[in-house]
Amino acid sequence: AMRRSAAWQALLNLASSAHGRAHWDIPLHRHGYTDGHAHISTEAARMSSCPSAVFIFATTAAHAAFPPTSDKEAAVRAGMQLAVPRNLHKASKANRRVHLQKKKRKRKRLLSAT
């Protein structure tokens with residue numbers, strides 16, 4: 001839903017401006033996050049509930065000194081992958097399958113209503 005909003009479009013426009021240097025989409029099943037209550041939680045890492053995007057903005061001088069290379073992109077993706085809880089790697093595939101089945105049923109229901 002967010003990716004259809006005016007704010008998302010404005011961000012994409014900004015990313016294609018003079019200082020927008022890179023844009024990397026990270027699928028939801030490829031990254032997690034650290035729970036804000038990690039100090040009291042039994043499981044600090046949580047599965048992401050939505051996809052994320054990384055935007056790189058830099059001046060010309062900064063871009064010349066520190067360009068966003070494929071190696072740097074791979075490092076960012078690897079770091080985000082590390083936040084995926086170990087016990088959810090297999091579950092995320094099962095959750096994705098269930099989500100796709102629900103999506104199919106909803107689409108079928110919408111088509112039959114028209």
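Predicted model, so just to flag it, every value in this text is computed and none were measured.

Draft legend 1. Highlighting the side chain of H31. As for its placement among the helices and strands, H31 is situated in the loop between β1 (20-26) and β2 (32-34). Here the side chain of H31 touches P27 through a polar contact of 3.0 Å, landing on its backbone oxygen. Beyond its immediate chain neighbours, meaning those up to four positions away, H31 contacts I26, M47, S48, C50, P51, S52, M80 and V84.

Draft legend 2. Geometry of the packing of aromatic side chains. Applying the stated criterion across every chain yields a total of two aromatic pairs. Note on W8 and F55: the rings are 5.7 Å apart at their centroids and 65° apart in plane angle, and the pair reads as edge-to-face. Of this pair, W8 sits in helix α1 (residues 6-15) while F55 sits in strand β4 (residues 52-57), and the two are 47 residues apart along the sequence. F55 shares its class with W8; the two are buried. Consider the rings of F55 and F57, whose centres lie 6.2 Å apart with planes at 20°: the pair is stacked. Given the relative accessible area of 17%, F55 is considered buried. Ring-pair connections join several aromatic residues into one group, and the members of that group are W8, F55 and F57.

Draft legend 3. Focus on the pattern of salt bridges. If you walk through the whole model with that rule in mind, you get two salt bridges. Across the pair D25 and R3 runs a salt bridge whose closest N-O atoms are separated by 3.0 Å. In this pair, D25 sits in strand β1 while R3 sits in the segment before α1, placing the two residues 22 residues apart along the sequence. Residue D25 is classed as partly exposed on the basis of its relative accessible area, which comes to 35%. Put simply, E73 and R77 hold a salt bridge, and the shortest N to O gap is 3.0 Å. Here E73 pairs with R77, and both are found in helix α3 (residues 70-82), just four residues apart, close to one helical turn. The class for E73 is partly exposed, based on a relative accessible area of 22%.

Thresholds, definitions, all that
- Residues numbered from 1 in each chain as written.
- Predicted model: local features only at pLDDT ≥ 70, side-chain atom pairs only at ≥ 80, totals over all residues.
- Heavy atoms only, no water.
- Helix = DSSP H or I, 4+ residues; strand = E, 2+ residues; numbered from the N terminus.
- Polar contact = N/O pair within 3.5 Å; in protein donor to acceptor, adjacent residues only side chain to side chain.
- Contact = heavy atoms within 4.5 Å.
- Phe/Tyr/Trp six-rings, centres within 6.5 Å; stacked < 30°, edge-to-face > 60°.
- Buried < 20%, exposed > 50% of the residue type's maximum accessible area, 1.4 Å probe, protein only.
- Salt bridge = Lys/Arg side-chain N within 4 Å of Asp/Glu carboxyl O.

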